[in-house]
There are 2 protein chains.
Amino acid sequence: MPDSMMMFRLSGLPDFQEGDDLAQSIIDTLALNKQQLVEGDILVIAHKVVSKSEGACAYLDQVTPSPEAIELAKTVNKDPRKVEVILSQSKRVVRAFKRPDQEEGTLIAEHKNGYICANAAVDESNADHPGQLILLPEDPDKSAQQLCLALEAHFACNLGIVISDTFGRPWRLGQTNVAIGLANVPGVMSMLGEEDAFGRPLSVTAPAFADELAAASGLLMEKSAKAPVIVFRGLSWPKTDSSSRDLIRSHNEDLFR
Amino acid sequence: MPDSMMMFRLSGLPDFQEGDDLAQSIIDTLALNKQQLVEGDILVIAHKVVSKSEGACAYLDQVTPSPEAIELAKTVNKDPRKVEVILSQSKRVVRAFKRPDQEEGTLIAEHKNGYICANAAVDESNADHPGQLILLPEDPDKSAQQLCLALEAHFACNLGIVISDTFGRPWRLGQTNVAIGLANVPGVMSMLGEEDAFGRPLSVTAPAFADELAAASGLLMEKSAKAPVIVFRGLSWPKTDSSSRDLIRSHNEDLFR
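Every value quoted in this text rests on a predicted model; they were computed, and no experiment measured them.

### Let's talk about the sheet that holds strand β1 (residues 4–9) of chain A
Part 1 of the reasoning: Taking strand neighbours across the sheet as the criterion, the 10 strands line up as β9(A)-β8(A)-β2(A)-β10(A)-β1(A)-β1(B)-β10(B)-β2(B)-β8(B)-β9(B) in an open arrangement whose pairing is mixed. The strands lining the two open edges of the sheet, one partner per strand, are β9 (175–183) of chain A together with β9 (175–183) of chain B. For this sheet, the mean inter-axis angle between neighbouring strands, taken without regard to orientation, is 25 degrees.
Part 2 of the reasoning: Strand direction decides the pairing type here: strand β2 (residues 42–46) of chain B and strand β10 (residues 229–233) of chain B, joined by four bridges, are antiparallel. For V44(B), the partnering residue across the bridge sits in β10(B) and is I230(B).
Part 3 of the reasoning: Here helix α2 (residues 47–54) of chain B sits on the sheet in contact with β2, β8 (160–168) and β9 of chain B, set at roughly 70 degrees to β2(B).
Part 4 of the reasoning: Sheet strands touched by helix α6 (residues 209–217) of chain B: β9 of chain A together with β1 (4–9), β2, β8, β9 and β10 of chain B. Its angle to β9(B), the strand with the most contacts, is close to 130 degrees.

Below is the structure:
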């Protein structure tokens, strides 16, 4: 493990539209900034630019809400078409809630990929225009892997990618970025078999490496600025065949429920 | 917001015993490494060194378990004296659980300071000898503030401190470090009133700044090595009168329950 590392954000990326080549934009922007990627760099990328370039968006004027969406919309004072989009992204609604001081409530939902988060990660912020909703990429691991291959080919080195979204947490206030798509980067570093500084087994210690990276990216990834790509340099990490599913607790293992 | 930042870990800190001066040790170790702290540096410090230097420990051979502890110990196959210590640190037990493949189960508990975590943060790893249990510091915010004042006085600059512990998460596998004690560093950065890159209000965005720092520290803070202090350099952040309580969701606001 190294003694230090650094992070920098990529400045000057364009807005993205469906069909744009995100990898090429990252390459071009690095070149403009006279920067390049080197062996072992990890990029944390806010999913919104991935979603936009893949066209993972919904448009309210194209949505017809189901009776279920119309009913649920009343509970949380949301546009029923928005609720319909949220339901289309969800396995189940965990909770529907609107506090008296809120104009619009929240649906805590289990996204079809297994993440439990507000509104099944359907988001209006940083949309290009009113009525556009940004969804998660269809297969965020695949998106990460394709991006990674393109960047590795260009820079001729091993890289890692974490696609992130911003989630609230049970029990704790504020949001942190979490990993929703991975290429090469381990989701969880298992420390089974390792020992603490005093020689006792670290049997249950398993740092959520990809979530540590995602959370750290929030220190430089300002939502109100256009800084969706953060580069981590100087870490040593094992290149693995990883998936964001490695970070999802199965229902029957969830001690916290 | 800066474009880049760096983190380094402090190498060569000693083991700590009750009564040791942690601030002085940090100062001495920095001097040995020809390093110093500068304006705006934030230190994330693993609580164990704070707890040990404050004597926030329990010793199994000094504990008499209550009937409640003895009963609960059977459910999770723990030493009843350890359960007694966990109960002494807890407001309530959220869940007692032992999977068939586990030798010893887990008590998810609400610590008396409000954190919900495994075994009320009572920990055997990195204890100095068998039978010693490390607790959280009695008042982690106060510990952080005292350390911060001592370091600020020595280095004549404004600093921030986050005392961290390693917590599991509902729904997600692996652990991340979270903030349990704060000096000067905001727990949550409220972005009320700010706008996204397209001019829409970021009404619910509130990055959990102190938890982002804590999680990031895990990238360099190896449990099996002795690296309990990580220095963050290059961030710009508002010095605030903060408390780790700023990060705790009140029961009635917890949408995820």
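### So, the domain arrangement of chain A
Residues and elements named next belong to chain A.
Part 1 of the reasoning: Taken as a whole, chain A is organised into domain 1 (6–56 + 136–252) and domain 2 (60–133).
Part 2 of the reasoning: Placing a centre on the C-alpha atoms of domain 1 and another on those of domain 2 gives a separation of 26 Å.
Part 3 of the reasoning: Counting residues at the interface gives 15 residues for domain 1, matched by 16 residues for domain 2.
Part 4 of the reasoning: Buried surface at the junction of domain 1 and domain 2, both sides included, amounts to about 1300 Å², of which 45% is carbon and sulfur.
Part 5 of the reasoning: Our count for the domain 1 to domain 2 interface comes out at three salt bridges.
Part 6 of the reasoning: Residue K52 pairs with D128 through a salt bridge whose shortest N-O separation is 3.0 Å.
Part 7 of the reasoning: Taken together, the connections running from domain 1 to domain 2 amount to five residue pairs in polar contact (both at pLDDT 80 or more).
Part 8 of the reasoning: Looking at the side of domain 1 that touches domain 2, the elements that each hand over two or more residues are α2 (47–54) and β8 (160–168).
Part 9 of the reasoning: Of the residues assigned to the side of domain 1 that touches domain 2, the class counts are seven nonpolar, three polar and five charged.

### A look at the pairing of β9(A)
All names here are of chain A.
Part 1 of the reasoning: By the criterion of burial, β9 is predominantly enclosed, with nine of the nine residues buried.
Part 2 of the reasoning: With eight bridges connecting them, β8 and β9 associate as antiparallel partners. Its bridge partner lying in β9, I163 is registered against G181.
Part 3 of the reasoning: Hairpin connection, β8 to β9: the antiparallel pair is bridged by six residues, and W171 has positive phi, about 75 degrees.

### Focus: the pattern of salt bridges
Part 1 of the reasoning: This model, assessed by the stated rule, comprises 32 salt bridges over all chains.
Part 2 of the reasoning: A salt bridge links D3(B) to R9(A); the nearest nitrogen and oxygen atoms lie 3.1 Å apart. Taken together, the residues span two chains, with D3(B) in the segment before β1 and R9(A) in strand β1.
Part 3 of the reasoning: Judged by relative accessible area, R9(A) falls into the buried class, the value being 10%.
Part 4 of the reasoning: Each of the salt bridges in this network shares a partner with another, and the network as a whole consists of K78(A), K82(A), E104(A) and E124(A).

### Overview of the nonpolar core
Part 1 of the reasoning: Among the nonpolar cores identified, the biggest contains 46 residues, and V162(A), L213(A), F232(A), V162(B), L213(B) and F232(B) are the most heavily contacted of them.
Part 2 of the reasoning: Other than its neighbours up to four places away in sequence, V162(A) contacts I42(A), L43(A), V44(A), I45(A), A179(A), G181(A), L182(A), V185(A), A210(A), L213(A) and A214(A).

### Focus on the sheet that holds strand β6 (residues 116–118) of chain A
Residue and element names in this part refer to chain A.
Part 1 of the reasoning: Taken in spatial order, the three strands of this open sheet run β4-β5-β6, and their pairing is antiparallel. Each end of this open sheet is capped by a strand with a single partner; those strands are β4 (90–97) and β6. Across the sheet, the mean angle separating the axes of adjacent strands is 25 degrees when strand polarity is ignored.
Part 2 of the reasoning: Against the sheet, helix α3 (residues 67–76) makes contact with β4 and β5 (106–111), and its axis sits at roughly 30 degrees relative to β4, the strand it touches most.
Part 3 of the reasoning: The sheet strands contacting helix α4 (residues 80–88) are β4 and β5, and the helix crosses β4 at an angle near 135 degrees.

### A short note on the packing of helix α3 (residues 67–76) of chain B against helix α4 (residues 80–88) of chain B
All names here are of chain B.
Part 1 of the reasoning: Contact geometry of α3 with α4 gives a least axis separation of 8 Å together with a crossing angle of 115 degrees. The handedness of the crossing between α3 and α4 comes out as right-handed. Residue-level inspection shows E68, A69, I70, L72 and A73 of α3 in contact with α4, the latter providing P80, V83, E84 and L87.
Part 2 of the reasoning: Looking at the contact of α3 with α4 residue by residue, the classes come out as seven nonpolar, no polar and two charged.

Cut-offs used in this document
- Residues numbered from 1 in each chain as written.
- Chains lettered and ligands numbered in written order.
- Predicted model: local features only at pLDDT ≥ 70, side-chain atom pairs only at ≥ 80, totals over all residues.
- Heavy atoms only, no water.
- Pairing = 2+ DSSP bridges.
- Helix = DSSP H or I, 4+ residues; strand = E, 2+ residues; numbered from the N terminus.
- Axes fitted to C-alpha atoms, helices over the stretch in contact; angles between N-to-C directions.
- Contact = heavy atoms within 4.5 Å.
- Domains from an automatic or database assignment.
- Buried area = accessible area lost by both parts, 1.4 Å probe.
- Salt bridge = Lys/Arg side-chain N within 4 Å of Asp/Glu carboxyl O.
- Polar contact = N/O pair within 3.5 Å; in protein donor to acceptor, adjacent residues only side chain to side chain.
- Nonpolar A, V, L, I, M, F, W, Y, C, P; charged D, E, K, R; others polar.
- Buried < 20%, exposed > 50% of the residue type's maximum accessible area, 1.4 Å probe, protein only.
- Core = buried A, V, L, I, M, F, W, Y, C linked by side-chain atoms within 4.5 Å.
- Left-handed = near helix turned anticlockwise from the far one by under 90°.

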